[in-house]
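# Coordinate analysis (summary)
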Amino acid sequence: MAAAVRVEELLAAAAPGEREAPRSVAVEKELELEFDLGNLLALDPNPPPAAGLRGAGPRREAALRALARDNAQLLVAQLWALPAERAGGAAGPLVASLPEPSCRLPREKPPPKPRPPTRWEQFARLKGIRRRKRTSLVWDEQAKEWRRRWGYRRAGGDPARSWLLEVPAGADPEEDQFAKKRQEKRERVARNEFNRLRNLARAHRASTAIPAPPLHPTGHQSRQELGLAARVARVSTASLGRFQPRLPKEPVELPPRGRCSKKRRFEPVLGDLAAERGRQLELLKAMNSKKPALDITRAVNKQLREEDAEAAAAKGKKQKQRGKRGRRQQQRPARGGRKSGARRQQRPAGGNITGGKRKKA
Amino acid sequence: MDALGRVVKPKTKRAKRFLERREPKLTENTKNAMLIKGGNANLTVTEVLKDIYAVKKPFAVLYKKKNITRPFEDQTSLEFFSKKSDCSLFLFGSHNKKRPNNLIIGRMFDYHVLDMIELGIENFVSLKDVKNNKCPEGTKPMLIFAGDMFELNEEYRRLKNLLIDFFRGPTVPSIRLAGLEHVLHFTALDGKIYMRSYKVLLKKSGCKIPRIELEDIGPSLDLVMRRTHLASDDLYKLSLKQPKALKPKKKKNISHDVFGTTYGRIHMQKQDLSKLQTRKLKGLKKRPAEKSAQDGGSSPKKPKSA
């Protein structure tokens with residue numbers, strides 16, 4: 001830009017006879033403009049020239065247009081400096097490639113969430129089962145050609161369409177095996193559909209019932225969320241809701257137990273000397289007395305109880321961890337020692353990978 | 001509201017595509033604007049809505065009938081419209097004694113009102129009133145904001161952001177330079193915001209950059225700010241959040257200094273000096289007998305003196 005300005009000045013000095021001033025592309029500004037070329041945006045932080053803008057209608061319009069012209073000139077200079085090429089051959093229009101917009105604007109919708117795993121996917125992850133890749137085409141020996149592994153015209157013929165069926169040993173000879181097969185298939189399809197719908201419902205429930213931001217305007221607020229919001233609003237007064245009138249049918253709640261529930265009260269600085277003297281004497285008496293200050297039995301009991309509680313908590317944590325790590329590790333000691341060892345040697349990598357995945361989730 | 005809130009299962013492919021177009025995406029669709037006429041709207045406000053519609057055109061919906069609602073008091077109907085027409089920007093126009101010639105400009109996040117700013121129209125010149133050649137429909141405008149108020153005042157800063165969001169149109173990777181025809185200029189001075197729309201005339205200047213001349217095409221508005229409803233910091237932050245997949249991946253071992261020079265960091269193995277090739281001498285060359293002895297596996301005999 002600066003170079004361009006200098007060139008212009010030089011030209012103006014060289015040819016004073018020409019009308020250079022109105023044709024100039026030079027613009028002087030006190031503060032530099034900010035540009036966001038991805039949005040074709042320019043921000044001029046200079047205060048606008050007040051004298052012209054405070055004038056009457058036409059004068060103001062002229063001043064505004066002059067200001068806009070200067071700013072547009074600067075923006076156009078930036079845009080023309082971008083790398084440009086001719087679109088569609090040498091005769092095509094000049095096309096400048098814009099950079100990414102840098103001005104941060106809010107999104108329209110929150111970013112898409114990944115689909116929650118189905119029940120099978122959860123189970124497979126827990127067990128470390130991974131999808132095996134199988135080719136979709138297999139060689140059919142009878143037909144002597146490549147056929148689908150599954151579906152219409154599958155390799156080996158569709159067993160459901162076979163014209164001959166063996167009656168299994170111990171089966172009722174009068175029973176229609178074909179009908180039985182059809183029935184089984186129908187049941188399998190129905191069960192699959194049912195599970196699919198159950199997974200959909202579960203995913204929907206998971207996406208709607210997010211308890212984290214109860215006070216954000218989420219799509220649909222449930223009864224519990226609204227209740228929580230009302231409870232929070234109730235105690236959000238200066239007096240922590242003490243003087244808040246109850247709404248009709250609002251459940252009576254006990255005041256929350258905790259540190260915040262009790263207000264500290266201080267003794268008055270002056271007055272009640274007798275009580276103060278009494279307290280001091282009590283303290284001196286306690287210090288002088290032979291009786292031990294610590295009640296040994298109570299203290300021992302307390303210690304025992306705490307240890308018990310800690311042990312219980314640790315146990316609970318362990319169980320949780322076991323759930324996360326998967327059950328295979330747990331089952332190992334139950335099998336024969338040597339066998340389990342062999343297994344471990346067989347699939348060390350698989351175990352590690354699945355373990356890592358579980359940690360992530 | 002309930003009918004729109006439930007899980008909609010498409011029955012046809014077409015319906016499925018329609019719903020997919022509206023789903024949240026990583027790189028989002030261009031924001032659409034809905035221009036809503038309030039319960040009482042006079043001629044000025046109606047004209048303003050029409051003109052802004054003309055400026056925004058492929059990405060706007062004009063609600064021409066009366067909509068008796070007050071966005072600052074009850075936002076539910078706006079949210080309903082937003083969901084119905086999949087618009088996240090809105091401009092609501094109304095006129096009454098207390099707030100004559102009123103415009104409410106705002107935007108939505110997740111079909112809920114994020115920001116809303118009320119503007120009063122002091123002066124208005126319509127697109128029709130200026131007899132000039134207009135810009136073609138759907139021209140991406142150049143946006144210019146002038147005035148220190150847009151930097152200093154929080155409300156003005158948010159208004160600036162909102163106006164950029166409203167008028168910027170689609171994000172494009174490249175643009176035809178001769179097609180830069182439209183300038184929207186916003187000036188803030190003395191509590192007023194002057195919105196002007198100009199057509200750009202590119203003149204020869206003798207150098208590569210053309211000389212710019214501007215021609216007023218309208219609509220031009222003189223606005224004053226009235227009530228505001230800005231998003232809380234939490235919500236605004238939430239709406240600004242970029243998905244991880246869109247963030248550019250950091251390249252390892254590359255750094256830049258202040259001058260823009262690129263530096264690369266190379267991690268090398270430790271050099272094995274025993275295999276270093278020094279100067280070749282004929283005298284140090286292994287004889288063929290020695291070579292075969294080494295390859296055979298038997299180590300060469302050590303001198304006894306050692």
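- Under the annotation held in an unreviewed UniProt entry, chain B carries the name Ribosome production factor 2 homolog and is attributed to Cairina moschata.
- If you open the UniProt record of chain B and go to Subcellular location (unreviewed entry), you find "Nucleus, Nucleolus".
- UniProt lists a comment for chain B under the heading Sequence similarities (unreviewed entry), and it reads "Belongs to the RPF2 family."

- Looking at an unreviewed UniProt entry, chain A carries the name Ribosome biogenesis regulatory protein, with the source organism given as Cairina moschata.

### Some words on the overall build of chain B
- Helix and strand content of chain B: eight helices and 13 strands.
- Split into buried and exposed, the 306 residues of chain B put 42% on the buried side.
- Looking at chain B alone, contacts between residues at least 24 apart form 67% of all its contacts between residues at least 6 apart.
- By element, 53% of the accessible surface of chain B is carried by carbon and sulfur atoms, the whole surface being about 19000 Å².

### Section: the interface of chain B and chain A
- Between chain B and chain A, the residue contacts involve 75 residues of the former and 59 residues of the latter.
- The contact between chain B and chain A buries some 6100 Å² in all, and 62% of this surface belongs to carbon and sulfur atoms.
- Contact with chain A buries area across many residues of chain B, yet B:L177, B:I209 and B:R211 alone supply 11% of it, more than any other trio.
- At the boundary of chain B and chain A, one finds four salt bridges.

### Focus on the pattern of salt bridges
- Counted according to the given criterion, the structure contains 27 salt bridges over all chains.
- Between A:R69 and A:D70 there is a salt bridge, and its shortest N-O distance comes to 3.4 Å.
- For A:R69, a relative accessible area of 9% corresponds to the buried category.
- A salt bridge links B:D115 to B:R107, with the nearest nitrogen and oxygen atoms 2.9 Å apart.
- Residue classification places B:R107 among the buried positions, given a relative accessible area of 0%.
- Each of B:K31, B:R107, B:D115, B:R158 and B:D165 takes part in one network of salt bridges that share partners.

### A closer look at the packing of aromatic side chains
- Under the definition given, this model contains nine aromatic pairs over all chains.
- When the centroid spacing of 5.9 Å and the interplanar angle of 40 degrees are considered together, the rings of A:W120 and A:F123 count as tilted. Here A:W120 and its partner A:F123 are both found in helix α4 (residues 119–127), three residues apart, which amounts to about one turn of the helix.
- In this structure an aromatic cluster arises from ring pairing among B:F145, B:F150, B:Y156, B:F166, B:F167 and B:F186.
- Over the ring of A:W150 we find A:R154, and its NZ or CZ is 4.2 Å from the ring centre.
- The ring of B:F72 has B:R227 lying over it, and the distance from NZ or CZ to the ring centre is 4.5 Å.

### Topic: unusual backbone geometry
Residues and elements named next belong to chain B.
- At the junction of G218 and P219, the peptide bond is cis and its omega measures out at 0 degrees in the coordinates.
- By the secondary structure assignment, P219 is in the loop between β10 (211–216) and β11 (220–229).
- One non-glycine residue, N101, lies in the positive phi region at around 50 degrees.
- The residue N101 is located in the loop between β3 (89–94) and β4 (102–109) in this model.
- Classification of N101 as buried rests on a relative accessible area of 16%.

### Some details on empty space enclosed by the protein
Residue and element names in this part refer to chain B.
- According to the stated counting rule, one finds three cavities of 30 Å³ or more in the structure shown.
- Every residue lining the largest cavity is listed: I52, L91, L103, I105, L119, L163, F166, F167, F186, M195, L221 and L223.
- Looking at the lining of the largest cavity, the elements that each hand over two or more residues are β4, α6 (154–167) and β11.
- Along the lines of polarity and charge, the residues of the lining of the largest cavity split into 12 nonpolar, no polar and no charged.
- Of the volumes computed, that of the second largest cavity is approximately 40 Å³.
- Of the residues contributing to the lining of the second largest cavity, the split by class is four nonpolar, two polar and four charged.

### Some remarks on helix α7 (residues 273–288) of chain A
- For α7(A), with 16 residues, the first-to-last C-alpha span of 23 Å sits near the 22 Å given by 1.5 Å per residue.
- Burial analysis of α7(A) places just zero of its 16 residues in the buried class, which makes it a mostly uncovered element.

### A look at a nonpolar patch on the surface
- On the surface, A:L281, A:L283, A:L284 and A:M287 cluster together to form a nonpolar patch covering roughly 440 Å² of accessible area.
- Judged by relative accessible area, A:L281 falls into the exposed class, the value being 52%.

### What to know about a negative patch on the surface
Residues and elements named next belong to chain A.
- Among the surface-exposed residues, D172, E174, E175 and D176 lie close enough to one another that they form a single negatively charged patch.
- Mapped onto the fold, E175 is located in the loop between β6 (145–148) and α5 (177–208).
- Using a relative accessible area of 35% as the deciding quantity, one classes E175 as partly exposed.

### Details of the sheet that holds strand β4 (residues 94–97) of chain A
- Spatial ordering of the open sheet is given by β3(A)-β4(A)-β7(B), a layout of three strands whose pairing is antiparallel. Each edge of the open sheet carries a strand with a single partner, namely β3 (84–86) of chain A together with β7 (174–176) of chain B. Recorded for the sheet is a direction-independent mean angle of 30 degrees between the axes of neighbouring strands.
- Pairing geometry for β3(A) and β4(A), over three bridges, is antiparallel. What sits directly across from A:R86, in β4(A), is A:L94.

Cut-offs used in this document
Residues numbered from 1 in each chain as written. Chains lettered and ligands numbered in written order. Predicted model: local features only at pLDDT ≥ 70, side-chain atom pairs only at ≥ 80, totals over all residues. Heavy atoms only, no water. UniProt positions renumbered as here; feature names shortened; annotations may be inferred. Helix = DSSP H or I, 4+ residues; strand = E, 2+ residues; numbered from the N terminus. Buried < 20%, exposed > 50% of the residue type's maximum accessible area, 1.4 Å probe, protein only. Contact = heavy atoms within 4.5 Å. Areas by Shrake-Rupley, 256 points an atom, 1.4 Å probe, with all protein chains shown as cover. Buried area = accessible area lost by both parts, 1.4 Å probe. Salt bridge = Lys/Arg side-chain N within 4 Å of Asp/Glu carboxyl O. Phe/Tyr/Trp six-rings, centres within 6.5 Å; stacked < 30°, edge-to-face > 60°. Lys NZ or Arg CZ within 6 Å of the ring centre and 35° of its normal. 1 Å grid on protein atoms, 1.4 Å probe; cavity = no way out; pocket = protein on both sides within 12 Å on 5 of 7 lines; lining within 4 Å. Points joined across faces, edges and corners; volume = space filled by probe spheres on them. Nonpolar A, V, L, I, M, F, W, Y, C, P; charged D, E, K, R; others polar. Expected span 1.5 Å × (residues − 1). Patch = residues over 30% accessible without salt bridge, like charges linked within 9 Å, V, L, I, M, F, W, Y side chains within 5 Å. Lys, Arg positive; Asp, Glu negative; His and termini not counted. Charge placed at Lys NZ, Arg CZ, Asp CG, Glu CD. Pairing = 2+ DSSP bridges. Axes fitted to C-alpha atoms, helices over the stretch in contact; angles between N-to-C directions.

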